[in-house]
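Commentary on secondary and tertiary structure
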Amino acid sequence: MADVTLYHWEPNANSGKPMLALAEKGVPFDSHYIDMLQFDQHKPEYLAVNPQGTIPAMIHGDRVLTESTAIMEYVDDAFPGPDLMPADPRDRWRVRWWMKFMDQWLGPSFSMIGWCTFVGPSLAHKPEEEREAMIARIPLPERRAAWRKAMFAEFSESELAESRRRIAQGVGMLEEELGKREFVASNQYSLADINIFNSTYMLPVGNADLCGPQITPNIWRWLKAVYRRPAVQQTWAMGSGRFTDRFNAIMGEFVA
Amino acid sequence: MTMLYHGEPNGPSLSVLAALYESGLAIETQPIDLLAGERHALPDVTDSAALDYAVEGEGPVLVVDGEAMSEAVFLAQYFDEATGGCGLQPSDPYARWQMLMWCRQATERLSPAVAYLGNLAWSQKRLAAMSPAEFDKLANTIVSEDQRKRWQDLRDDVVDAAKVEDSKTKVAQFAARVEAQLADGRAWLMGPFSIADLETFAWLRSMRELEADAFAGQARCLAWMARVEARPSVQKALARATADTPARAFAPGPEINRWG
Ligand SMILES: N[C@@H](CCC(=O)N[C@@H](CS)C(=O)NCC(=O)O)C(=O)O
């Protein structure tokens, strides 16, 4: 049994962050797959680990850690292995800035569109009472409200439009950022790359109008560089492929 | 060239000034009028992404070699790390995680709530009093569309009653959370003094007047606020005020979580 246990869903967005950070550091961990669409995160076994009922969560020794970006910072601080934060204070500031920008501004927009187009519809076949019962088991009021919107398709056109606007804007900013430096926020692969890659690798699949080799050459260069990393391949092998397969198919042509 | 542009010592401008003084770094500071939009017209900025798209809204801006740097907690970490460690953050990884988690709760839950209430109470009238030409000129300098919309909503006195209620609840919850954290008799939130104290104090300070009920019976919280306020760094930051009541100085801040 490893010293670290990670509760995660697919290698994507928040779950993918600590998975990839641990892989980059070379830290072995016991993997507990929490199937978000089966609502594993609201079952008593998991609530005993994280009463908030959100994923991911990590156990190290007798400590439970939550919040994906903060877990990554902990992983980088607590374990030997390659540094996933640059040494220069201004670069470190920039890494944090981009992670917050993703976690609080751009990420929620990706998430809203994803929940509207994928998560919600994948549960639409369940009878109404069953969906209501699922919602009733969710501990956090914010998450209850989010699930209700997704399961009953209650997103307004204006909030979806605002999310799409932010995605287009954010992709443009990322393209510009990657024109300034080799990686996001510094010239060194860091937590910012792990964070942002996990939320953007699907762009060429889902938003080919915004991101591709011609329109966003800098993002494309960066996606290829990150995609080639052994830790990424190792992490993706832990998923069901439900997100990564389509991206693999695209990248296969470009990364030989 | 390095320059810290800051508003009245309240919220993020207060925590960043105090963190700077804790660090002892010799960085020049320059007060600006945030509600006049001066933050969006700073000289010598060649890379403005972090200024234009700061999640925290109208916070202080540190300009280093033309690059605008924002976000109060990260600026405090920057000062700490630029000195090689001046005691603003714990070095133990777990203690650091705890501090970061605390600060995230403060910036995600407390600061949007305080900014919402504070702006409506004390900044709405000044924006509403601007002539259309004056306001348009200001709004045109704001690059981020959603940030500009928060300015416009404030000027137009667009009030969401549910957000007001939710914000009041969040302020009260945070005061109670501080009280609980101090229950074991510790002097500072994380045990040793840290950025968490400055960030939390800087946002709660203005609420003693506006949301007095939130502090009723929270004796440890109030004593802790007095302790933070008495620190020389905080006193020095408060002395940068140009207004009589800096705790009433607000400009559109972080947005209230829109999803998730
Ligand atoms: N800010 C948290 C967010 C955690 C979170 O909300 N995770 C989502 C999945 S990406 C979740 O648990 N959703 C399931 C639910 O709310 O029931 C983090 O970054 O870890």
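Residues numbered from 1 in each chain as written. Chains lettered and ligands numbered in written order. Predicted model: local features only at pLDDT ≥ 70, side-chain atom pairs only at ≥ 80, totals over all residues. Heavy atoms only, no water.

What to know about the overall build of chain A
Within chain A one finds 12 helices and 4 strands. The C-alpha atoms of chain A give a radius of gyration of 18 Å, which matches the 18 Å a tight globule of 256 residues would have. Referenced to the eigenvectors of the C-alpha coordinate spread, the extents of chain A come out at roughly 50 × 45 × 35 Å. The proportion of buried residues among the 256 residues of chain A is 58%. In chain A, the share of contacts with a sequence separation of at least 24, taken over all contacts with a separation of at least 6, comes to 69%. Carbon and sulfur atoms make up 52% of the accessible area of chain A, which amounts to about 10,300 Å² in all. A distance of 3 Å separates the average location of the 27 positive side-chain charges in chain A from that of its 33 negative side-chain charges. (Helix = DSSP H or I, 4+ residues; strand = E, 2+ residues; numbered from the N terminus. Rg over C-alpha atoms; globule rule 2.2 N^0.38 Å. Buried < 20%, exposed > 50% of the residue type's maximum accessible area, 1.4 Å probe, protein only. Contact = heavy atoms within 4.5 Å. Areas by Shrake-Rupley, 256 points an atom, 1.4 Å probe, with all protein chains shown as cover. Lys, Arg positive; Asp, Glu negative; His and termini not counted. Charge placed at Lys NZ, Arg CZ, Asp CG, Glu CD.)

Details of the interface of chain B and chain A
Taken together, the 36 residues of chain B in the interface contact 43 residues of chain A. For the pair chain B and chain A, the two sides together bury roughly 3,700 Å², of which 56% comes from carbon and sulfur. It is Tyr53(B), Arg258(B) and Trp259(B) in chain B that bury the most area against chain A; as a group they hold 23% of the surface buried on that side. Measuring nitrogen to oxygen at the nearest pair gives 2.9 Å for the salt bridge that ties Asp47(B) to Lys180(A). Taken together, the connections running from chain B to chain A amount to 26 residue pairs in polar contact (both at pLDDT 80 or more). (Buried area = accessible area lost by both parts, 1.4 Å probe. Salt bridge = Lys/Arg side-chain N within 4 Å of Asp/Glu carboxyl O. Polar contact = N/O pair within 3.5 Å; in protein donor to acceptor, adjacent residues only side chain to side chain.)

Observations regarding the layout of surface pockets
Computed from the structure, the second largest pocket encloses a volume of approximately 590 Å³. Forming the boundary of the second largest pocket are 25 residues, of which Tyr116(B), Arg150(B), Asp153(B), Lys163(B) and Glu255(B) lie nearest the centre. Breaking the lining of the second largest pocket down by element, the ones donating at least two residues are α7 (157-180) of chain A together with α4 (93-122) and α7 (145-155) of chain B. With 6 residues, the top contributor of residues to the lining of the second largest pocket is α7(B). Split into classes, the residues belonging to the lining of the second largest pocket amount to 10 nonpolar, 3 polar and 12 charged. (1 Å grid on protein atoms, 1.4 Å probe; cavity = no way out; pocket = protein on both sides within 12 Å on 5 of 7 lines; lining within 4 Å. Points joined across faces, edges and corners; volume = space filled by probe spheres on them. Nonpolar A, V, L, I, M, F, W, Y, C, P; charged D, E, K, R; others polar.)

Re the site of the ligand
All names here are of chain A. Inspection of the region around the ligand gives Asn 14, Met 36, Gln 41, His 42, Thr 54, Ile 55, Pro 56, Glu 67, Ser 68, Arg 143 and Trp 147 as its neighbouring residues. Gln 41 places a side-chain nitrogen or oxygen 2.8 Å from an oxygen atom of the ligand. Here a nitrogen atom of the ligand and a backbone polar atom of Ile 55 are 2.7 Å apart. Look at the ligand: alone it shows 510 Å² of surface, and the protein chains cover 85% of it. Its residues placed into classes, the shell around the ligand shows 4 nonpolar, 5 polar and 2 charged. (Near = heavy atom within 4 Å.)

A word on the sheet that holds strand β2 (residues 28-31) of chain B
Strand pairing within a sheet occurs via backbone hydrogen bonds; the two strands may be parallel or antiparallel. Residues and elements named next belong to chain B. If you trace the 4 strands from one edge of the open sheet to the other, you get β2-β1-β3-β4, paired in mixed fashion. A single partner strand is all that each edge strand has here, and the edge strands are β2 and β4 (67-69). Each strand of the sheet is rotated relative to its neighbour by a mean of 25°, with strand direction disregarded. With 3 bridges joining them, strand β3 (residues 61-64) and β4 adopt antiparallel strand pairing. Bridge pairing in β4 links Leu 62 to Met 69. Running over the sheet, helix α1 (residues 11-23) touches β1 (2-6) and β2 and is turned about 145° from β1. Each of β3 and β4 touches helix α3 (residues 72-82); the most contacted strand, β3, lies at about 45° to it. (Pairing = 2+ DSSP bridges. Axes fitted to C-alpha atoms, helices over the stretch in contact; angles between N-to-C directions.)

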